[in-house]
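Chain and residue survey
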Amino acid sequence: SSGFGGLLCLLGSFTIRSTITVGFGVSISGSGSYATFVNQGADCSCFAFTNYNSGYIENIRFAGGRNYPIITIESTSLLSIRTCRFENCAGGAIYMDKGWSISIRDCWFINCGTVANSTAAIRGVATSLENTGILIDHNVFEYNDYQDIYFTGGLLDCNITNNAFEFDNNAGGDYNIK
């Protein structure tokens, strides 16, 4: 999809078997209770935001996935992820490379990432100060196997505040910024 607009997902479960690339300005919202996206592809994300600007994802439940994160953010700005649940996402929940003004708020991350592939629930990678203005606030992290939040490379003006880290088996700690 491209252009300004949105996708409203009603209650129910939607199976994803290949990555959906989200176009410029498109937002994704669940109605009321969570709509569920189940990732059954071994080598895909549910949603990829690449060269994207201005939108949000809200009230969605994500589950499954093996080798890739549920949401991939690359060269993207002004994206808000709020009131979502990420459950049993072996490849992690959110991967970010070159994100600007990205907000992740009021989400739950349960059993995301695995020690086997050293994947955190939220992972950011950059070669220089290319993840800028990142807000990770008021989220709950439970039973995550590797790390809850992990950034390496470049990070500037990041706020990680008011999060709850509970019942974790973290081999690498709650969060790690390198």
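My aim in this report is to walk through the structure given alongside it, one point at a time. (Residues numbered from 1 in each chain as written. Predicted model: local features only at pLDDT ≥ 70, side-chain atom pairs only at ≥ 80, totals over all residues. Heavy atoms only, no water.)

**Digging into the overall build of the chain**
Within the chain, the regular secondary structure consists of 0 helices and 21 strands. Counting across all 178 residues of the chain, residues that qualify as buried make up 48%. The contacts of the chain with a sequence gap of at least 6 include a subset with a gap of at least 24, amounting to 65%. Counting every atom, the chain has about 7600 Å² of accessible surface; 49% of that belongs to carbon and sulfur. (Helix = DSSP H or I, 4+ residues; strand = E, 2+ residues; numbered from the N terminus. Buried < 20%, exposed > 50% of the residue type's maximum accessible area, 1.4 Å probe, protein only. Contact = heavy atoms within 4.5 Å. Areas by Shrake-Rupley, 256 points an atom, 1.4 Å probe, with all protein chains shown as cover.)

**Some thoughts on the environment of alanine 121**
For alanine 121, the position within the fold is in the loop between strand S12 (108-110) and strand S13 (122-125). Along the chain, alanine 121 and asparagine 111 lie 10 residues apart, while their C-alpha atoms are 8.3 Å from each other. In contact with alanine 121, not counting residues within four places along its chain, are Gly92, Ala93, Ile94, Phe109, Cys112, Phe141, Asn144, Gln147 and Asp148.

**Section: the packing of aromatic side chains**
The full count for this structure, using the stated rule, is 9 aromatic pairs. Seen in terms of ring centroids, phenylalanine 49 and tyrosine 52 are 4.8 Å apart; in terms of plane orientation they differ by 80°. Their pairing is edge-to-face. Within the aromatic cluster, the residues linked to one another by ring pairs are Phe14, Phe37, Phe47, Phe62, Phe86, Phe109, Phe141 and Phe165. (Phe/Tyr/Trp six-rings, centres within 6.5 Å; stacked < 30°, edge-to-face > 60°.)

**Some words on the side chain of glutamate 58**
With respect to the secondary-structure elements, glutamate 58 resides in strand S7 (residues 53-58). Since its relative accessible area comes to 17%, glutamate 58 is described here as buried. Polar side-chain contacts of glutamate 58 include one of 3.0 Å to the side chain of serine 29. A polar atom in the side chain of glutamate 58 sits 3.0 Å from the side chain of arginine 82. Glutamate 58 has contacts with Ile28, Ser29, Gly30, Arg82, Thr83 and Cys84, leaving out every residue within four places of it along the chain. (Polar contact = N/O pair within 3.5 Å; in protein donor to acceptor, adjacent residues only side chain to side chain.)

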